[in-house]
Amino acid sequence: QVQLVESGGGLVQAGGSLRLSCAASGSIFSINAMGWYRQAPGKQRELVAAITSGGSTNYADSVKGRFTISRDNAKNTVYLQMNSLKPEDTAVYYCNINTMGRYYWGQGTQVTVSS
């Protein structure tokens, strides 16, 4: 069993910053890809950023240059540093990991950006 615990969401003004964290625990041998997704009201869940075990990253076009994904393999934790936040970044953010052939999701953390 694998558990993901997210933290770091909240309310911030446009132009502000937040840092999300997602810690994985349980029966983990190694983690392949780790990523962050988000889902705004009435919209589909979309990929925000992902990072491989080797450190390669990819980002949604809408967040390039503003968000940075990173990971600490020793802590089985993935981070998302979000700068220059915009109201359109408002959503529930979910972390996702791929380990041992399966995908796991966090419970989600709300990010609200006021204009």
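Calculation rules
Residues numbered from 1 in each chain as written. Predicted model: local features only at pLDDT ≥ 70, side-chain atom pairs only at ≥ 80, totals over all residues. Heavy atoms only, no water. Helix = DSSP H or I, 4+ residues; strand = E, 2+ residues; numbered from the N terminus. Rg over C-alpha atoms; globule rule 2.2 N^0.38 Å. Buried < 20%, exposed > 50% of the residue type's maximum accessible area, 1.4 Å probe, protein only. Lys, Arg positive; Asp, Glu negative; His and termini not counted. Charge placed at Lys NZ, Arg CZ, Asp CG, Glu CD. Core = buried A, V, L, I, M, F, W, Y, C linked by side-chain atoms within 4.5 Å. Contact = heavy atoms within 4.5 Å. Phe/Tyr/Trp six-rings, centres within 6.5 Å; stacked < 30°, edge-to-face > 60°. Lys NZ or Arg CZ within 6 Å of the ring centre and 35° of its normal. Disulfide = S-S within 2.5 Å.

Caption draft 1: Inspection of the overall build of the chain at higher detail. Helix and strand counts for the chain stand at 0 helices and 11 strands. Order of helices (α) and strands (β) in the chain, N terminus to C terminus: β-β-β-β-β-β-β-β-β-β-β. For the chain, the C-alpha radius of gyration of 13 Å lies close to 13 Å, the compact-globule estimate for 115 residues. In terms of overall dimensions, the chain has a C-alpha envelope of 45 × 25 × 25 Å along the principal axes. Across the 115 residues that make up the chain, the buried fraction comes to 42%. In the chain, which carries 10 positive and 6 negative side-chain charges, the distance between the mean positions of the two groups comes to 4 Å.

Caption draft 2: Just the nonpolar core, in detail. Core analysis: the biggest nonpolar cluster contains 30 residues, and Trp36, Leu80, Met82 and Tyr93 have the highest contact counts within it. Elements with a minimum of two residues in this core: strand S1 (2-7), strand S3 (18-26), strand S4 (34-39), strand S5 (46-51), strand S7 (67-72), strand S8 (77-82), strand S9 (91-99) and strand S11 (109-114). Sequence-distant contacts of Leu80, that is, excluding residues within four places in its chain, are made with Leu18, Arg19, Leu20, Trp36, Val48, Ala49, Phe67, Thr68, Ile69 and Tyr93.

Caption draft 3: Representation of the packing of aromatic side chains. In total, this model carries 2 aromatic pairs according to the counting rule given. Taking 4.9 Å as the distance between ring centres and 65 degrees as the angle between the ring planes, the aromatic pair formed by Tyr37 and Trp105 counts as edge-to-face. Taken together, the residues span a long stretch of sequence, with Tyr37 in strand S4 and Trp105 in strand S10 (residues 102-105) at a distance of 68 residues. According to the relative accessible area criterion, Tyr37 is partly exposed, its value standing at 23%. When the ring of Tyr94 is compared with that of Trp105, the centres are 6.5 Å apart and the planes differ by 85 degrees; the resulting orientation is edge-to-face. Linking Tyr94 in strand S9 with Trp105 in strand S10, this pair joins segments that are 11 residues apart in sequence. A relative accessible area of 40% places Trp105 in the partly exposed class. Arg19 extends its terminal NZ or CZ atom over the ring of Tyr79, reaching a point 4.1 Å from the ring centre.

Caption draft 4: The state of the cysteines, seen in detail. Per the counting criterion, the structure on display carries 1 disulfide. Here Cys22 is linked by a disulfide to Cys95, with a sulfur-sulfur distance of 2.0 Å. Because the torsion about its S-S bond is 40 degrees, the bridge between Cys22 and Cys95 counts as right-handed. Placement of Cys22 in strand S3 and of Cys95 in strand S9 is noted, with a sequence separation of 73 residues between them. The exposure classification of Cys22 matches that of Cys95, with both residues buried.

By themselves, these figures tell us nothing about what the structure is for.
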